[in-house]
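Survey of secondary and tertiary structure
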Amino acid sequence: MELALLHTVNYNEIAYLNNLIKEIKMNNLKFLQLFTLVDLVFFQGCAMDYAEIGNGEQSENGGFNPDAGVYEGSNYVPEGEFSLLNNVLGDGLSKENDVGISALAFDSHEELLWMGTKSGHVTSYYGPQLQKYTSFQVHPTEEVRNIVTLDQNVLALTQSSLRGQIRRGIPVFTHTSSNLIDMHSLLQNPRTGRILMGGIQDRLIDFDVTSSKEFKVHQLSAGGSCAILRSHNRFICCGDASNGKVMLRDPASLRVTQTLDAHSGYLTDFDVYGNHLVTCGQSIRQGMAQPDRFLMMYDLRILRAINPLQVMILPYQLRFLPTLSSQVAVLSSMGQVQLVDTAELATPNINIFQVAVPIEGCNTISMDISPSRQCMAFGDTTNSIHLYSSLAEPVLNPYARETEFADTPANHTPISIEDEMAIYSSIPRPNLPPGQTTYLSDYWPDRFCKAGYRPTPVIDPEILRTMKVVGSIGYARNIGNVKRNQMRYPHIHTKDAKGDFRDGQSEKHSPGLMSIPKTYRKIAIKITKIGQDEFDFDRYNRTGFCGLEAALPNSYCNAMLQTLYYTEHVRLLTLNHTCVRENCVVCELSFLFHMMDISPGIPCQSSNFLRALRTIPEASALGLVFSDQHSMWASNVPRLIQSWNRFILHQIANQLNVQELGLPSTTRRNHTNSGGSDKKVPLVKATSIESDDSVDKVDTAASDTTATENDVFKFNRMFGLKQEKVNVCTKCKTTNSTQDTLLLCNLNYPDGKASATFEDVVCSSLCPKQMTPAWCEKCRKYQPTNQNRKLLSLPYHLSLNAGLDNPQDIAFWSTQMNRLFLEHCKEEELSPKAPSQSIPPPNAKPCRYGLSCNRPDCKFWHPEQEVAIKESEDIGDKLHRLGVSWIPEKIQLNRLANGEVRSTSTVHEEETDDDDGNDDDDKEVVEACNYHLQSICYTILDPLNSQAHNVVAAINVGPFYHSRVASAVSQWYTFNDFSINPIMPSEARWVNLTWKLPCIFVFQCEEQPKILKEIVLKNPITQEIFKKDRSLVSRGGRKRITFTPLSPEEMPKSGDLVAIDAEFVTLNQEESELRSDGKVSTIKAAHMSVARITCVRGSGEMEGVPFIDDYISTQEQVVDYVTKYSGILPGDLDANSSSKHLTTLKSTYKKLRYLVDMGCIFIGHGLKNDFKVINLVVPVEQVVDTVLLFHLPHNRMISLKFLAWYFLKKKIQGATHDSIEDAVTALELYKKYLELKKSDTLIEELNNLYDRGKVLNWKVPEDQE
């Protein structure tokens, strides 16, 4: 009688069950009597030997040993015991192809593990020791997508072919067909025995291995695919990856019997076992695909979804552990593995471990479970295989047949190299061809037969640093592009582009920068012939937040821009702003923040913001504008960053004060205690604000303030430090006071080596006291004057410039950090133990030679290494190791009645001193603010020469931003341009004075003012922007209008079609160099600027008529108008000589922003580059690009001119390009595409298009003539 599966049990239940079975056998009880004794709990795997009770004997290896306290069954895998057993570097490495293990499969018949690489190589390994068995190439360029092991053959599937080989490596057949387009999955049909092949295509192929022919091709539904195949006793489960569905097909007819809508986005993987089907994938949230942290689970008996499973990692692949049917192994792309229990949903047991990838940042892309369920194999992008097991000596296949090995070669008698009497002629020489009796070496001259030894070449330190040692063999990347068994002559030098001689190797980081964590290093974007499209930005940002590109000059401010963006109130205030000034910094910040809001994790460019920054005279005067990156890093970067921070805050305050006419409307008062009349002075650097109590006490005149004045008030309430400056002449005692508002505070450090906390420094910097010469009106000359600052209010965001731009400030920080270390460290840390007692860190491997190792470049851990590291360790690293930092996570500032600011500890001390009864009303606390650290901007230096290398921000991203990509939590991240990584709060406050200097601190008050709570997001761009369309050309008689403006009835709505095209001019040419190997390397991409933007109506009575045709005026020098491709002539962009409709970029940009916000669908050709130069982010669902509509996978893109000639029978782009013609042509091609798709002839026409294009060399006949 078969036992039913209920749920998985623990060790106690296993022992209990075994004792019950023994009692049943001893007493000869019946099965039905068992229900009266206990509530039965059966599980799969452990109870396999007890499938029938009464006659069978208990298995020798199937019981629980109460003395040992363990379960002896080889098929039972306890939770949490998977550990690294072995790893190996796979074959098939090639510099021409990608690197990575793309497929893994345990052999179902032998004790083998098969792997396939992205370079088309297949290798098998024998046993848990991963001894190499066979290795062969199945395709020269295509990656191996899937591997299936049959009784006689091994099948390897690539993108367009199927290779069959025997296990010894001899090929049996290679099948190629026009039906194999983009294959991904293989499966043997248990009903028919034939092979099913599927992929990202609309065909499912039934293949007969015996005849090596396609038995039948099943056509899938339109838009469907079959990228993942899994077998079940009732169904063939097919995964439609692009649509997130799982189709259940009948094994005999392969017809769809049921469809499971698992995910609204993409389906990444699923697995089936028993009656359960589990999937992982992505869902569409807020217009973009986001990974699901839930595994969708279905019961195949009722064909319905049951409770989903929540996981702690981002699932990428998953497999059932069949011996524990209630467990699923889930793998993330970052190498995290979680074992999820599908039965114990109420109290889940979290079991997570990390795959030991060899290089930081590499991904795991393949996995498989062994037939014995004792091992799991993982493959990563470094071509490494990692074998994990729950047993010390596992087996891969418990029912494996004997593996056939090659014959052992005959062993010759070994000869010692020190044996002077050795007979070397006893070593057999190679066989000679027929008819030859001598070797070429027999004719060597005597002068060439002398003993000589070539000196061993020096190994590059970079190779030793990155080398991975497996056993006694080291593996490293070929960093010098040197061919195998060849070494470069040591004294040959090549000349670089600058005329300097070097050794020809590629540019690397300096040795000092190599000691800096990768998270903080500057990342260079490799520019290829097609630009930056091949660069993998997703490798550096998996958070869903938007990064910023750093290829443009002056992009050093990216870290500060991220700080402003993740300050929620600043973001809302800038997004609500609009004005008519051409180079308004706040408007450009608003446009940039809007792009970062809607970007699906793809980095944005701040090109328009940097363009506006270059045009501001104050920015150039302060030295904030640079022509190239090299000159910027050569300056005093900490001082530069803090100057930029001060400049941008004042610019926001000033330009928020600009109304539509561009005139300031707020003034400030200059007060004196002499009773003089109030003076109204135009606002230049600071804006006056009222105290927080005055928010509800506004007089009648102030109640008429405009929305612009209200924005200024709100911004000043965020950052404003309202202060009163009191100047007292030391001679005549005349007192003069003025009031103004500061938007930030510079930290002033005390002289000497006095002990001070961070709060004390902040308080003394907010209320400094000093004596300086100043003009005295009463004395009528310069006199020594006591200057004192009294604070009248505390801000919501406290922005602090840290200084640290001189040796004195750094010395002060070092002193305070050393004092803090002595206070918190233990005596054992001050006097380290002997090296022999040291224990290696968890992730370090000890050197086998220990103290006897004499290799200076040994990468393994040595006992004396701990002492050496501690002696050379920076004081910041020591504090970080203790979990302590001089930068506090929270500070409390108390404003007293006399205008001074004190920390909480100082206030308590003063209260203790005043216990004698001498109360001082001036020291009463009138305002207390609790601040927590929100962000820090760091300057990254080269530790060897203190040269600035990068600027990185550490930001505590709040719940509002997280709620758009995941759950609403707070988390610290490092923002390094487009690289975004989560960090611990302690790392955010970690300071290393040799390479990581803090420059800007931003603290946020815990209590939010009422006026800031009222800020809500409102789109300031309305349809009025189309009514304010004015040309910059003063002579209207020469102006030629080429468009018809939109009427009020034609105002765009969601879903309206808009055809768009843009033309560009070149501001800076591309810079490239010719390398020593003859290849051209791009150093700096060309800097383009938009010169003309055209938008055409896509529907309605006036379809095809443009409603925007703006020529964009530019104040920067144009080096190339590219007239042949842009149609722009010199003078077209000059307001004094142009005959075009000339406007500013901001005016046209706001029109496009309105179209994007309204949900219009843009149609064009090559829109990705157009939107990038315009600096506009458009959601993917609002873009229809004809270059992608008429494109077959793995083929070239086709030009608009050729598409128009082939499909529309019209000739365009004659002598020059015209944006109206191009936009209209793109619209007509889109209509043609809809016709072809409706008639179901699109694929046929595209095949004919590519055939015709190859014959004509992609040139229209008129051009060939």
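In this text, all values refer to a predicted model and were calculated from it rather than measured experimentally. (Residues numbered from 1 in each chain as written. Predicted model: local features only at pLDDT ≥ 70, side-chain atom pairs only at ≥ 80, totals over all residues. Heavy atoms only, no water.)

Some thoughts on the packing of aromatic side chains
- Under the defined criterion, the tally for this structure stands at 42 aromatic pairs.
- Seen from their ring centres, Y566 and F975 are 5.0 Å apart, and the 40° between their planes marks the pair as tilted. With Y566 in the loop between α5 (558–565) and α6 (568–575) and F975 in strand β48 (residues 971–976), the pair connects residues that are 409 residues apart, well separated along the chain.
- Y566 gets classed as buried once you look at its relative accessible area, which sits at 3%. (Phe/Tyr/Trp six-rings, centres within 6.5 Å; stacked < 30°, edge-to-face > 60°. Helix = DSSP H or I, 4+ residues; strand = E, 2+ residues; numbered from the N terminus. Buried < 20%, exposed > 50% of the residue type's maximum accessible area, 1.4 Å probe, protein only.)

A look at the packing of α6 against helix α7 (residues 585–598)
- Where α6 meets α7, the closest approach of the two axes is 8 Å, and the angle between their N-to-C directions is 110°. As far as their axial angle goes, α7 and α6 are roughly perpendicular. Considering only the axes of α6 and α7, their crossing is left-handed. Across the interface between the two elements, R571, T574 and L575 from α6 touch V586, S590, F593, H594 and D597 from α7. (Axes fitted to C-alpha atoms, helices over the stretch in contact; angles between N-to-C directions. Parallel < 35°, antiparallel > 145°, perpendicular 65-115°, else oblique. Left-handed = near helix turned anticlockwise from the far one by under 90°. Contact = heavy atoms within 4.5 Å.)

Describing the sheet that holds strand β30 (residues 375–380)
- A sheet is described by the order of its strands in space; here four strands give the open sequence β3-β31-β30-β29, paired in antiparallel fashion. Of all strands in the sheet, those bounded by a partner on one side alone are β3 (83–89) and β29 (364–369). Each neighbouring strand pair of the sheet contributes to a mean axis angle of 20°, computed without reference to strand direction. (Pairing = 2+ DSSP bridges.)

Concerning the environment of R191
- Mapped onto the fold, R191 is located in the loop between β12 (183–188) and β13 (195–199).
- Through-space distance from the C-alpha of R191 to that of P251 is 6.1 Å; in sequence the pair is 60 residues apart.
- Setting aside residues up to four positions removed in sequence, R191 forms contacts with N233, P251 and A252.

Describing the pairing of strand β31 (residues 384–389)
- Of all six residues in β31, six are buried; the element is thus mostly enclosed.
- The alternating pattern of β31 places S384, H386 and Y388 on one face and I385, L387 and S389 on the opposite face, and all of these are buried.
- Note: β3 against β31, six bridges, orientation antiparallel. Note that in β31 the partner of N86 across the bridge is L387.
- The pairing of β30 with β31 spans five bridges and is classified as antiparallel. Of the residues in β31, the one forming a bridge with G379 is I385.

A word on the confidence of the model for the protein chain
- Across the protein chain, the average pLDDT comes to 80, with 80% of residues at or above 70.
- Strand β57 (residues 1161–1164) holds the highest mean pLDDT among the elements of the protein chain, 96, whereas strand β37 (residues 679–682) holds the lowest, 34.
- For the stretch residues 489–508, pLDDT sits under 50, and the model shows 19 contacts to residues farther than four places along the chain or on other chains. (pLDDT = per-residue confidence, 0-100.)

Structural notes on the packing of α7 against helix α11 (residues 637–655)
- Their axes nearest at 8 Å, the elements α7 and α11 cross at an angle of 105°. Judged by the angle between their axes, α7 and α11 are roughly perpendicular. Along the contact surface, α7 presents V585, V586 and L589, while α11 presents I648, Q651, I652 and Q655.
- Split into classes, the residues belonging to the contact of α7 with α11 amount to five nonpolar, two polar and no charged. (Nonpolar A, V, L, I, M, F, W, Y, C, P; charged D, E, K, R; others polar.)

Re helix α24 (residues 1167–1174)
- Of the positions making up α24, those classed as buried are L1167, D1170, F1171, V1173 and I1174. Along α24, the residues classed as buried sweep out an arc of 165° about the axis, all on the same side. (Arc of directions from axis to C-beta.)

Some remarks on a nonpolar patch on the surface
- Where nonpolar side chains cluster on the molecular surface, the patch consists of M312, I350 and I352 and spans about 290 Å² of accessible area.
- Within the element layout of this structure, I352 appears in strand β28 (residues 351–354).
- The partly exposed category is assigned to I352, whose relative accessible area is 38%. (Patch = residues over 30% accessible without salt bridge, like charges linked within 9 Å, V, L, I, M, F, W, Y side chains within 5 Å. Areas by Shrake-Rupley, 256 points an atom, 1.4 Å probe, with all protein chains shown as cover. Salt bridge = Lys/Arg side-chain N within 4 Å of Asp/Glu carboxyl O.)

A few points about the nonpolar core
- Membership of the largest hydrophobic core comes to 156 residues, with the highest contact counts inside it found for W813 and F1001.
- Apart from residues lying up to four places away in sequence, W813 is in contact with Y749, L804, W886, I887, V991, L993, P998 and F1001.
- Counting 32 residues, the second-largest nonpolar core is a separate cluster that includes A1059, L1200, V1224 and Y1250. (Core = buried A, V, L, I, M, F, W, Y, C linked by side-chain atoms within 4.5 Å.)

Let's talk about the pairing of strand β9 (residues 154–158)
- Most of β9 sits inside the fold, with five of its five residues counted as buried.
- Pairing of strand β8 (residues 144–149) with β9, which is carried by five bridges, proceeds in the antiparallel orientation. Among the inter-strand pairings, V144 is bridged to a residue of β9, identified as T158.
- Counting the residues in the hairpin turn of β8 and β9 gives four residues.
- Relative to strand β10 (residues 161–165), β9 is paired through four bridges, and the arrangement is antiparallel. Within β10, the residue paired with L155 across the bridge is G164.
- Between β9 and β10, which pair antiparallel one after the other, the connecting turn spans two residues.

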